[in-house]
Amino acid sequence: MTETNRTAETTAQTVVFLETLADLVAKSPVTYSPEAAQDLAAHIRGMADVVTSDARVNPALLETTRQYAALDWHNEIVAVLFAAEHRATMN
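Everything numeric here is computed off the predicted structure, so don't read it as measured data.

The rules we used
- Per chain, residues are indexed from 1 in the order of the written sequence.
- For a predicted model such as this one, the threshold for reporting local features is a pLDDT of at least 70, and the threshold for listing and counting side-chain atom pairs is 80 or more; totals across whole chains, interfaces and linings nevertheless cover every residue.
- Hydrogens and water are ignored here; the side-chain numbers use all heavy atoms of the structure.
- Each nonpolar core is a collection of buried residues, namely Ala, Val, Leu, Ile, Met, Phe, Trp, Tyr and Cys, held together in the definition by side-chain atoms within 4.5 Å.
- In this scheme, a residue with accessible area under 20% of its type's maximum is buried, one over 50% is exposed, and one in between is partly exposed, where area comes from a 1.4 Å probe on protein chains only.
- Under the scheme used here, helices are H or I runs from DSSP no shorter than 4 residues and strands are E runs no shorter than 2 residues, and both carry numbers assigned from the N terminus.
- Note on contacts: a residue pair qualifies if any of its non-hydrogen atoms lie within 4.5 Å across the two residues.
- For this analysis, a salt bridge means a side-chain nitrogen from Lys or Arg found within 4 Å of a carboxyl oxygen belonging to Asp or Glu.

S.K.: Explain the nonpolar core here, please?
M.R.: As a rule of thumb, nonpolar side chains are buried together in soluble globular proteins. Among the nonpolar cores identified, the biggest contains 14 residues, and Val 15, Val 25, Ala 41, Ile 44, Val 57 and Leu 62 are the most heavily contacted of them. Elements with a minimum of two residues in this core: α1 (3-27), α2 (34-54) and α3 (59-81). If you tally residues by element for this core, the top one is α1, at 7 residues. Setting aside residues up to four positions removed in sequence, Val 57 forms contacts with Thr 11, Ala 12, Val 15, Val 51, Thr 52 and Leu 62.

S.K.: Any chance you could explain the pattern of salt bridges here in plain terms?
M.R.: For side chains of opposite charge, pairing can occur when their charged atoms come near one another. Throughout the structure, instances matching the rule amount to 3 salt bridges. Measuring nitrogen to oxygen at the nearest pair gives 2.6 Å for the salt bridge that ties Arg 66 to Glu 19. Of this pair, Arg 66 sits in helix α3 while Glu 19 sits in helix α1, and the two are 47 residues apart along the sequence. Where Arg 45 meets Asp 23, a salt bridge forms, and the shortest distance between an N and an O atom there is 2.9 Å. With Arg 45 in helix α2 and Asp 23 in helix α1, the pair connects residues that are 22 residues apart, well separated along the chain.

None of the figures reported here should be taken as evidence of function without further support.
Put into structure tokens, the structure is as follows:
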């Protein structure tokens, strides 16, 4: 793999990380008020937008990275749900 491809993938991963972080912040306003959580999430999404445009992230690579990230999150949730300590609560 060339250095350019690695950089493009890393940049796409950064964007997806920021988008995921923004979603988590927006959905979990435990530390912040709901309004502050939404403001922070919007700021983080703005950071993702800047990275996307300034780095000229390939839209197809970004979409593929988003799909893999969604699958990773799904796998993590499933792993937690099926962990031994959670099995008793699933019946």
